[in-house]
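Letter by letter, the chains look like this.
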Amino acid sequence: MAEDLKDADVVVIGAGPAGCTAAEHAALNGADVLVVERKEEVGVPVACGEFLPSVEEIKRIFPRAGEVDSLFDFPASLVSLKMERLKLYSPNMRLFEIPFSAYTTDRDRFDKYLASKAEKAGARIVTGCAYFSVEGGEVVTSLGKVKAKVVVGADGALSRVASSLGLPKNKDIYPAITAQAKGDFEPIPEMYFGNIAPGGYAWIIPKKDGANVGAGVSPGFARERIGDYFDRFVRWKGLYTSKPVGKYVPMSGPLIRTTARNGLLVGDAAGHVMAVNGGGIPIAIICGRLAGEAAAANVLKGQPLATYEKTWRDRVEKPLRTAVRTKKLASLCFGSQWRLGAAMSLLGKRRMANMIRCKPVFP
Ligand SMILES: Cc1cc2nc3c(=O)[nH]c(=O)nc-3n(C[C@H](O)[C@H](O)[C@H](O)COP(=O)(O)OP(=O)(O)OC[C@H]3O[C@@H](n4cnc5c(N)ncnc54)[C@H](O)[C@@H]3O)c2cc1C
């Protein structure tokens, strides 16, 4: 509601997983928090594969993340379907089946749940309000100006806050597109590599009453529009889907700087994405908590925001950097179906399981 657009200690831009979690934890730690979201409705439309690793897998991927059980303790109603394996298909359709415990959610309800937690902690959320810039200590939005002591940029891959704060921006951003398909699907996600989605992959991720279907491609290897790859994949699999929704995924790993004197970046805005698979929700939530705590400590105790930079790097940077290195190696094969197929065969199931979990492929 626009009447909630009042000055705040901490103004968070974006009500995705990173922004809502940051807002919740800034408020829990005593700060007065305002969240500004340009969409009219939090979580809508859904541009996400809606796939989440189990908390055990999150601990395997990010062993230094700190206490994560409470962060990822979601109500059972948010779990659409649980899964224990993944199927990876090479360009020549060789199948690699990998144990991986995960579940799907409905991302619109998921984001709304995180927003409700932020509100319960005391944060105010104003939707239908676009962030434009920071001028002096004032945040300029489409609905007016508000004063802020700290600005949290949780505004996604193309972050405008990053530019306002003089921080770097994501460089390597991949277009990705997704839609819902009706029908019965085996409860195992399928990922297809090769020309079907050059430099990325196409997916079918089962849900309770259907599946999330999508594709993401590297701009360096794709020769057509992302929608053309998606249409071809859906036709090939004989699926009927809802209208697809697209967005960008930052794939160059975490930014080299994510804090300024009066603001910080978190989630996709900070490049907090696993470059080997494009997944970003778990890191957005892990780093969202750290961002919220740091923003509150800055406002209430004068602690420099740079402590956030140090903390998130200690907790999650190593696996994220490993993922970037693996993706760079994989890029050597993306130009040739044959090379990619041969590389996947050479790696085999065990090494690909390491790769998916952001572990070194060749220890
Ligand atoms: C097609 C696709 C499929 C994906 N599948 C998965 C998956 O299955 N699992 C997974 O873990 N990750 C997946 N990801 C990545 C995941 O969606 C992101 O990493 C995650 O959403 C990051 O959360 P965030 O809060 O940082 O950013 P976002 O969720 O992008 O939230 C940013 C918010 O900021 C708002 N915003 C932007 N600019 C402004 C502005 N100027 N003013 C006000 N508000 C603004 C946006 O409207 C948005 O609500 C996928 C991404 C794509 C594109």
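Relevant structure appears above.
This is a predicted model, so every value here is computed, not measured.

A. Structural view of the site of the ligand. In the vicinity of the ligand there are 35 residues, among which Glu 37, Gly 49, Arg 107, Tyr 131 and Asp 268 approach most closely. Within the contact set of the ligand, a nitrogen atom lies 2.7 Å away from a backbone nitrogen or oxygen of Gly 49. If the ligand stood free it would expose 1000 Å²; the protein chains cover 93% of that surface. Among the residues making up the shell around the ligand, the classes are represented as 18 nonpolar, nine polar and eight charged.

B. View of the packing of helix H1 (residues 17-28) against helix H3 (residues 107-120). Interhelical geometry of H1 versus H3 gives an angle of 20° and a closest axis separation of 8 Å. Put simply, H1 runs roughly parallel to H3. H3 is crossed by H1, and the crossing has left-handed handedness. Judged by residue contacts, Pro 17, Cys 20, Thr 21, Ala 23 and Glu 24 of H1 engage Arg 107, Asp 111, Leu 114, Ala 115, Lys 117 and Ala 118 from H3. Of the residues that constitute the contact of H1 with H3, the class distribution is six nonpolar, one polar and four charged.

C. Inspection of a positive patch on the surface at higher detail. Taken together, the side chains of Arg 38, Lys 39, Arg 160, Lys 169 and Lys 247 make up a positively charged region of the molecular surface. Its location among the elements puts Lys 39 in the loop between strand E2 (33-36) and strand E3 (51-53). Residue classification places Lys 39 among the partly exposed positions, given a relative accessible area of 31%.

D. Seen up close, empty space enclosed by the protein. Within this structure, the stated rule accounts for one cavity of 30 Å³ or more. The wall of the largest cavity is formed by Thr 21, Glu 24, Leu 71, Phe 74, Leu 114, Lys 117 and Ile 285. Residue assignment for the lining of the largest cavity shows that the elements contributing at least two residues are H1 and H3. Classifying every residue of the lining of the largest cavity by side-chain character gives four nonpolar, one polar and two charged.

E. Focus on the layout of surface pockets. Here the second largest pocket defines a volume of roughly 230 Å³. For the second largest pocket, the lining is made up of 18 residues, of which Ser 54, Phe 72, Val 79, Lys 82 and Tyr 103 are closest to its centre. Residue assignment for the lining of the second largest pocket shows that the elements contributing at least two residues are strand E4 (81-89) and strand E5 (95-104). Taken together, the residues of the lining of the second largest pocket sort by class into 12 nonpolar, three polar and three charged.

F. Highlighting the sheet that holds strand E11 (residues 190-192). Pairing within the open sheet is mixed, and its eight strands lie in the order E3-E5-E4-E11-E12-E13-E10-E14. This sheet does not close on itself; its edge strands, each paired only once, are E3 and strand E14 (245-250). Averaged over neighbouring strand pairs, the angle between their axes works out to 35° when direction is ignored. Across the sheet, helix H8 (residues 337-356) touches E4, E5 and E11, and the angle it forms with E5 is around 15°.

Scoring rules and cut-offs
- Residues numbered from 1 in each chain as written.
- Predicted model: local features only at pLDDT ≥ 70, side-chain atom pairs only at ≥ 80, totals over all residues.
- Heavy atoms only, no water.
- Near = heavy atom within 4 Å.
- Polar contact = N/O pair within 3.5 Å; in protein donor to acceptor, adjacent residues only side chain to side chain.
- Areas by Shrake-Rupley, 256 points an atom, 1.4 Å probe, with all protein chains shown as cover.
- Nonpolar A, V, L, I, M, F, W, Y, C, P; charged D, E, K, R; others polar.
- Axes fitted to C-alpha atoms, helices over the stretch in contact; angles between N-to-C directions.
- Helix = DSSP H or I, 4+ residues; strand = E, 2+ residues; numbered from the N terminus.
- Parallel < 35°, antiparallel > 145°, perpendicular 65-115°, else oblique.
- Left-handed = near helix turned anticlockwise from the far one by under 90°.
- Contact = heavy atoms within 4.5 Å.
- Patch = residues over 30% accessible without salt bridge, like charges linked within 9 Å, V, L, I, M, F, W, Y side chains within 5 Å.
- Salt bridge = Lys/Arg side-chain N within 4 Å of Asp/Glu carboxyl O.
- Lys, Arg positive; Asp, Glu negative; His and termini not counted.
- Charge placed at Lys NZ, Arg CZ, Asp CG, Glu CD.
- Buried < 20%, exposed > 50% of the residue type's maximum accessible area, 1.4 Å probe, protein only.
- 1 Å grid on protein atoms, 1.4 Å probe; cavity = no way out; pocket = protein on both sides within 12 Å on 5 of 7 lines; lining within 4 Å.
- Points joined across faces, edges and corners; volume = space filled by probe spheres on them.
- Pairing = 2+ DSSP bridges.

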